[in-house]
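The lines below spell out each chain.
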Amino acid sequence: MKLTILGASGRTGTHLVEQALAAGHDVVALIRNPAKLTLCHERLRITQGELTDEVAVEDAVRGADAVLAALSPKIFGRPRDLPLASGTGTILAAMRTHGVRRLVYSWGPSILIPRNPLLRALRGASFALFRLLPATRPMVNESAAAGEAIRGSDRDWTIVAVTAPNDTPGSGSVKVRTATRSGDRVGSRISRADLAEFMLTQADDPRYAQQELRISN
């Protein structure tokens, strides 16, 4: 497959690139600062640009079989223009333009909206509290906007939420729970290597298309 990876220079994104190349895929990595990704490979093309740069995003997405995004929210000090939220819209628009259907998007747990009424109420109360705090208000608004953009799109998206990713070695075992509360009982911790491996397996697997998942080790 030809994969476009966003967030490729991050701690999860680096695992994604390495694993995708090891599996024989062609990879296009869109990075703000290419110097942050030191990998070199004949099947890796690194392109420079912001997520909000329509031309750069379209160039990276063109011809892809799937887009994998490992993007991390910045809890404090996020700029008011919310670049990840607007960048998500740019990604989705580029995918529509070039006929790319599959999007696997990993971000923090705040992007999820639980279907259980009690959990939804608790989440709403937590978000209301964070919205009152100037330091965390941009993160909450950005998270909500990104989630709404993805859920409202016509792409074959999967949101993969994790609570506490870490840098322990991958175990090769991942627990999965859907928004409808089916599947495994999940915890909070997960190896970034396992998160990347799970995202990679979803690139050509439609089982969780248009679903929100929470995963852990």
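Here, every reference points to the structure presented above.
From a predicted model like this one, the values you see are computed outputs, not experimental measurements. (Residues numbered from 1 in each chain as written. Predicted model: local features only at pLDDT ≥ 70, side-chain atom pairs only at ≥ 80, totals over all residues. Heavy atoms only, no water.)

Q: Would you mind going over unusual backbone geometry in detail, with residue names and values included?
A: For residues other than glycine, phi is negative in most cases, and the peptide bonds are mostly trans. The backbone phi angle of R181 is positive, close to 70°, even though this residue is not glycine. One can find R181 in the loop between β8 (175-178) and β9 (189-191). Take R181: its relative accessible area is 45%, and that puts it in the partly exposed class. The phi dihedral of Q210 falls on the positive side, at around 55°, and the residue is not glycine. Checked against the element boundaries, Q210 lands in the loop between α6 (192-202) and β10 (211-216). Residue Q210 is classed as partly exposed on the basis of its relative accessible area, which comes to 41%. (Helix = DSSP H or I, 4+ residues; strand = E, 2+ residues; numbered from the N terminus. Buried < 20%, exposed > 50% of the residue type's maximum accessible area, 1.4 Å probe, protein only.)

Q: Run through the pairing of strand β6 (residues 156-161), naming residues and quoting values.
A: In terms of burial, β6 is a largely internal element, 5 of the 6 residues being buried. Taken together, the 6 bridges between strand β5 (residues 102-107) and β6 define a ladder with parallel strand orientation. Counted as the bridge partner of S106 is V160 from β6. As judged from the 4 bridges shared by β6 and β10, these two strands associate in the parallel manner. Bridging from a neighbouring strand, I159 pairs with E212 of β10. (Pairing = 2+ DSSP bridges.)

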